[in-house]
Amino acid sequence: MKIVLLGVGSMGDVRPCANLAKRLVSRDHDVTLIAYERFRGYIEGEGINFVAYPGDSEELMHAIISGGSNMFKIMSGVKKVYAKDTDLIREILVKACQGADVLVYATSTSVAMTYIGEGLKIPYVRLNFYPDAPTKEFRCVNYPEWPLGPVFRGTYNKLSHILCDYFSVRIQKSSKKSWLKPLGLKNSFRLGLKYLDGSGIENLLGYSELIVPACKDYKDNIHVVGYFSDVGQEDVYTPDEEL
């Protein structure tokens, strides 16, 4: 299979994607990882096909970190970063994804890949490294805690996850015309609707259920699959007896 992964962010985002890519390559899949240019040496050094994504991880991370806990400030900063290269990003993604069998995008910073999948009619999978699939059990980490009662708290928690990804899509495509028309898409809102009940997109959550058990209201398309680690059995950590 030809598989294209998009991992936009810091090394903390790219390394798990590279580990997944290495495992897929070992199973004879044709894998390409799209990431910022600064990670070219690392990715190609692991024997993975590389395509450069416009921009730089430091600029994106600064926009996210400088927003603190203010979600609207974070969105504003990230939007400015993506607005610089909207058309170029679309062109690079479309070219890299042509002929792919599956698309995989990691974290909300890469969520615009959904438009590529819809436009090119290629199945896409969502990947993240912390529990952020829609659930009533806890809120999205980017949204504040509110003193709500049990009934409203569950609704708020689930909605926070939905809105986080939906607005990430809106931010990353900035201009409707630059994404929708070239890809032959008419209704951008329906992609956001897929998150209303947590269905429609396969979710791979890369952490251990021993750390965070799968939520009771996760649907069949949400899978807690374990860490995407390059640590082998010979490197298993043994804690100090005193610890």
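Up top is the structure.
Predicted, not measured: the structure shown is a model, and the values here were computed from it.

Novice: I would appreciate a short explanation of the environment of Val-225 in the present structure.
Specialist: Within the secondary structure, Val-225 is located in the segment after strand E7 (222-224). For the pair Val-225 and Leu-205, spaced 20 residues apart in sequence, the C-alpha separation works out to 5.9 Å. Dropping the residues within four chain positions of it, Val-225 is found in contact with Leu-204, Leu-205, Gly-206 and Tyr-207.

Novice: I keep staring at the nonpolar core and nothing clicks. Help me out?
Specialist: Considering soluble globular proteins, one finds that nonpolar side chains tend to be buried as a cluster. In this structure, Leu-5, Leu-103 and Ile-116 are the most contacted members of the largest nonpolar core, which totals 53 residues. Among the elements that line this core, the one with the most residues is helix H1 (residues 11-26), at six residues. Counting residues in each nonpolar core, the second largest holds seven residues, with Leu-205, Cys-215, Tyr-218 and Val-224 among its members.

Novice: Explain the pairing of strand E5 (residues 124-128) to me, please; I cannot follow it from the model alone.
Specialist: Strand residues, when the strand is regular, have side chains that alternate between the two faces of the sheet. For E5, the buried fraction is high: five of the five residues fall into the buried class. Covered by surrounding structure in E5 are Tyr-124, Arg-126 and Asn-128 together with Val-125 and Leu-127, the residues of both alternating faces. Both strand E4 (residues 102-106) and E5 contribute to a ladder of four bridges, which runs parallel. Bridged to Tyr-105 within E5 is Arg-126. The pairing of E5 with strand E6 (residues 202-205) spans four bridges and is classified as parallel. When the sheet's bridge partners are listed, Leu-127 is paired in E6 with Leu-204.

Novice: What's the story with the sheet that holds E7 in this structure? I'm lost.
Specialist: Strands in a sheet are paired, the pairing made by backbone hydrogen bonds, and the direction either parallel or antiparallel. If you trace the seven strands from one edge of the open sheet to the other, you get E3-E2-E1-E4-E5-E6-E7, paired in parallel fashion. Taken across any chain shown, the strands that pair with only one partner, and hence form the sheet edges, are strand E3 (49-53) and E7. Between one strand axis and the next, the sheet turns by 20° as a mean value, whatever way the strands run. Across the face of the sheet, H1 comes into contact with strand E1 (2-7), strand E2 (30-36), E4 and E5 while running at roughly 170° to E2.

Each value, and the rule that gives it
Residues numbered from 1 in each chain as written. Predicted model: local features only at pLDDT ≥ 70, side-chain atom pairs only at ≥ 80, totals over all residues. Heavy atoms only, no water. Helix = DSSP H or I, 4+ residues; strand = E, 2+ residues; numbered from the N terminus. Contact = heavy atoms within 4.5 Å. Core = buried A, V, L, I, M, F, W, Y, C linked by side-chain atoms within 4.5 Å. Buried < 20%, exposed > 50% of the residue type's maximum accessible area, 1.4 Å probe, protein only. Pairing = 2+ DSSP bridges. Axes fitted to C-alpha atoms, helices over the stretch in contact; angles between N-to-C directions.

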